[in-house]
Amino acid sequence: MTGIADQGSRFDYDVLVVGSGPGGQSAALQAAVLGKRVGLIERKPYIGGVSLQTGTIPSKAMREAAYLMSRFSARGMREVMYRGDVGSGFLSEAVQRTRRVIASRETLLLNQLLARGVKLLPGEASFVDPHTLALAHPDIGREILTAEVIVLATGSRPRRPETVPFDKERILDSSSLLKLQHLPDRMLVIGGGVIACEFATLFAPLGVQIQLVDSHAHLLAYLDQDIQQILERHFLDLGVELFMNSRVETVFRRDEHVVVRTDNGETLEADILLYAQGREPNYAGLNLEAIGVFADDQGWVKINEHHQTLQAHVYIVGDLAGWPSLASTAMDQGRRAINHAFQKQAAPQAGLLPMAIYTIPELSYVGATERQLNERGALYVVGRAQFHETARGQIIGEERGFLKLLVSRENHMILGVHIIGESASELVHVGQMAMNCGAAVELLADSVFNYPTLAECYKTAALDCLRQLDVLRPDQVP
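Residues numbered from 1 in each chain as written. Predicted model: local features only at pLDDT ≥ 70, side-chain atom pairs only at ≥ 80, totals over all residues. Heavy atoms only, no water.

Colleague: Looking at this structure, how should I read the overall build of the protein?
Modeller: The secondary structure content of the protein amounts to 14 helices and 22 strands. Taking 2.2 N^0.38 as the reference for a compact globule, 478 residues should give roughly 23 Å; the C-alpha atoms of the protein span a radius of gyration of 24 Å, in line with that estimate. In terms of principal-axis extent, the alpha carbons of the protein reach across some 70 × 65 × 40 Å. Classification of the 478 residues of the protein by burial places 51% in the buried group. For the protein, the share of sequence-separated contacts (at least 6 apart) that also reach a separation of at least 24 residues comes to 64%. Split by element, the accessible area of the protein, about 22300 Å² in all, is 50% carbon and sulfur. A distance of 3 Å separates the average location of the 45 positive side-chain charges in the protein from that of its 55 negative side-chain charges. (Helix = DSSP H or I, 4+ residues; strand = E, 2+ residues; numbered from the N terminus. Rg over C-alpha atoms; globule rule 2.2 N^0.38 Å. Buried < 20%, exposed > 50% of the residue type's maximum accessible area, 1.4 Å probe, protein only. Contact = heavy atoms within 4.5 Å. Areas by Shrake-Rupley, 256 points an atom, 1.4 Å probe, with all protein chains shown as cover. Lys, Arg positive; Asp, Glu negative; His and termini not counted. Charge placed at Lys NZ, Arg CZ, Asp CG, Glu CD.)

Colleague: It is not clear to me how the sheet that holds strand E19 (residues 363-367) should be interpreted in this structure. Could you clarify?
Modeller: Paired through their backbone hydrogen bonds, the strands of a sheet run either parallel or antiparallel. Read across the sheet, 5 strands follow the order E18-E19-E22-E21-E20 without closing on themselves; strand pairing throughout is antiparallel. Edge positions in the sheet fall to strand E18 (355-357) and strand E20 (380-386), since each of these pairs with one other strand and no more. Looking at each pair of strands side by side, their axes are set apart by 10° on average, direction ignored. Across 3 bridges, E18 lies against E19 in antiparallel orientation. Counterpart to Ile357 in the pairing with E19 is Leu363. Seen against the sheet, helix H14 (residues 456-469) touches E20, strand E21 (402-408) and strand E22 (414-420) and runs at an angle of roughly 145° to E20. (Pairing = 2+ DSSP bridges. Axes fitted to C-alpha atoms, helices over the stretch in contact; angles between N-to-C directions.)

Colleague: Looking at this model, I keep getting lost on a positive patch on the surface. Mind explaining?
Modeller: Together, Arg43, Lys44, Lys168 and Lys179 make up a region of like positive charge exposed at the surface. Along the chain, Lys179 falls in the loop between helix H6 (174-177) and strand E9 (186-190). (Patch = residues over 30% accessible without salt bridge, like charges linked within 9 Å, V, L, I, M, F, W, Y side chains within 5 Å. Salt bridge = Lys/Arg side-chain N within 4 Å of Asp/Glu carboxyl O.)

Colleague: For this particular structure, what's the right way to read the nonpolar core?
Modeller: As a rule of thumb, soluble globular proteins bury nonpolar side chains together. If you look at the biggest cluster of nonpolar residues, it comprises 43 residues, and the most contacted ones within it are Leu177, Met187, Phe203, Ile210, Leu212 and Phe235. Apart from residues no more than four positions distant in its own chain, Leu212 is found in contact with Val189, Gly191, Gly192, Ala196, Ala200, Leu219, Phe235, Val240, Glu241, Leu242, Phe243 and Met244. The next biggest cluster of nonpolar side chains, apart from the first, holds 31 residues, and it includes Val366, Ala439, Cys457 and Tyr458. (Core = buried A, V, L, I, M, F, W, Y, C linked by side-chain atoms within 4.5 Å.)

Colleague: Looking at this structure, I do not really get the environment of Asn264. What am I missing?
Modeller: Tracing the backbone through its elements, the reader meets Asn264 in the loop between strand E13 (257-262) and strand E14 (267-270). C-alpha separation for the pair Asn264 and Ser246, spaced 18 residues apart in sequence, amounts to 6.1 Å. The contact partners of Asn264, leaving out residues within four places of it in the chain, are Met244, Asn245 and Ser246. Looking at Asn264, its side chain comes within polar contact range of the main-chain oxygen of Asn245, at 2.9 Å. Within the structure, the side chain of Asn264 is placed 2.7 Å from the side chain of Ser246, a separation counted as a polar contact. (Polar contact = N/O pair within 3.5 Å; in protein donor to acceptor, adjacent residues only side chain to side chain.)

Colleague: Explanation requested: the side chain of Thr390 in the structure shown.
Modeller: Its place among the elements puts Thr390 in the loop between E20 and helix H11 (391-396). You can call Thr390 buried: its relative accessible area is 7%. Among the polar contacts made by the side chain of Thr390, one reaches the main-chain carbonyl oxygen of Phe387 at a distance of 2.7 Å. In contact with Thr390, other than residues within four places in its own chain, are Thr453, Leu454 and Cys457.

Colleague: Hey, could you run me through the packing of aromatic side chains in this one?
Modeller: Within this structure, the stated rule accounts for 2 aromatic pairs. On the numbers, 5.8 Å between centres and 90° between planes, the contact of Phe166 with Tyr275 is edge-to-face. On the criterion of sequence distance, the pair formed by Phe166 in the loop between strand E7 (156-158) and strand E8 (171-172) and Tyr275 in strand E15 (residues 272-275) is long-range, its members being 109 residues apart. Geometrically, the ring pair formed by Phe449 and Tyr458 is stacked, given 6.4 Å between the ring centres and 20° between the ring planes. Residue class for Phe449 comes out buried when judged on its relative accessible area of 19%. (Phe/Tyr/Trp six-rings, centres within 6.5 Å; stacked < 30°, edge-to-face > 60°.)

Colleague: I keep staring at the packing of helix H1 (residues 22-33) against helix H9 (residues 327-341) and nothing clicks. Help me out?
Modeller: Two packed helices can be described by the angle between their axes and the distance between those axes. Closest axis-to-axis distance for the H1/H9 pair is 7 Å, and the angle between their directions is 35°. Relative to H9, the crossing made by H1 is right-handed. The residues of H9 that touch H1, namely those facing Pro22, Gly23, Ser26, Ala27, Gln30 and Ala31, are Ala327, Ala330, Met331, Gly334, Arg335, Ile338 and Asn339. Here the contact of H1 with H9 is composed, by residue class, of 7 nonpolar, 5 polar and 1 charged. (Left-handed = near helix turned anticlockwise from the far one by under 90°. Nonpolar A, V, L, I, M, F, W, Y, C, P; charged D, E, K, R; others polar.)

Colleague: Just checking my understanding: could you explain a nonpolar patch on the surface for this structure?
Modeller: A cluster of nonpolar side chains, Leu110, Leu114 and Leu120, forms an exposed patch at the surface whose accessible area comes to about 220 Å². The exposure class assigned to Leu120 is partly exposed, which follows from its relative accessible area of 30%.

Colleague: Hey, could you run me through the side chain of Glu232 in this one?
Modeller: Its location among the elements puts Glu232 in helix H8 (residues 225-237). For Glu232, which is buried and forms no salt bridge, the nearest opposite charge comes from Arg233, at a distance of 8.1 Å. Within the local environment of Glu232, its side chain forms a polar contact with the backbone nitrogen of Leu219, the two atoms lying 3.0 Å apart. Apart from residues no more than four positions distant in its own chain, Glu232 is found in contact with Ala217, His218 and Leu219.

Note that all results are geometric; they support no functional claim without further evidence.
What follows is the structure in structure tokens.
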């Protein structure tokens, strides 16, 4: 499928974007930059989507408060941090700060859209035909809108199986959990994926007793094995009880508590429960059947490399498009979809994409894992660097932070970067840029990094690789 040609102004809009999350925002703004008439449809009374309102931004703002507490503890100042009523005052302040961050980001986004001439259209959209959307709003009524190009960016929602009696009080999903007003004493977390792990390490430093139940043998088992093992040790240090290889059979309320029974015979009880086992696409209400587009057995709509559906002018971006479901990739997808639709030359594909998980400690990676390299028979060496061996690591009390490089034996190219510890999500970009530029590990070995910094670990790990490759020069010895 190719981009569509300009068909004049026989439509109400050149572009209609459904959903105002990161993918929808970038699509709308890119279309406006190209001089198109753009309408942005949002069914919620606010803009920004899940990312801004109930997902990425609020959870990371809350995490920052918990992270500060954990860092005070690591730096020997636990008594200072624990003065006062942590259970109410601390959480209340964290919630208020989160609200301020959301309000500030929402204002900034609104100003950007309005400055570019994007028209905001409140209501819920559904297809009438391939170029026509019906927009329904309880106060405004029903409106029919047409567009040359339609971009769907309606995001995803937490999976809520019927067997789990969600009540928004004690049995919660990741969205309702952020509305807590008081810290519980005990919390059950069902799931061992990104969201489950992030929230477990958010609440544990605040003094909440966490029990985590998951059917897999390890948390985030797709990670590099060294990183995954360090993360699990951190969980145990935080006092998190792990019930792995366990499937939940029943969940129910017992007075003011939640009870879970597993297939291993465990009966677990807590004040609240977080169910965090996956997310589902928000296709409901769009009436995709009206344009001959259907979801597969897993609930996702098939799209091509340009994010087009079977209807070439209808694009799907962001969480609605499935993996990797990141705000950063959604923004890139939105821009690329619009450029493709109007046959505009776009920059080359972004290259390797970094992944970050905002647990405490945070972790990030780009490229291949050892497991993947072994599966394809690649020859490689592993360079390692410990944060606590750097001056900066000692200053901040970073005991388990770790950086790992995977480097080809054949051409010394960097094949993977894996980091856990403070600022991992920032540090990974050094490796990402090197890999996207096709650099060999010698670049990192010969680079000069600020002192004292954690980024020095790149040089240490690179020199470790060169030793194993037997190409270390005398002038490169640290």
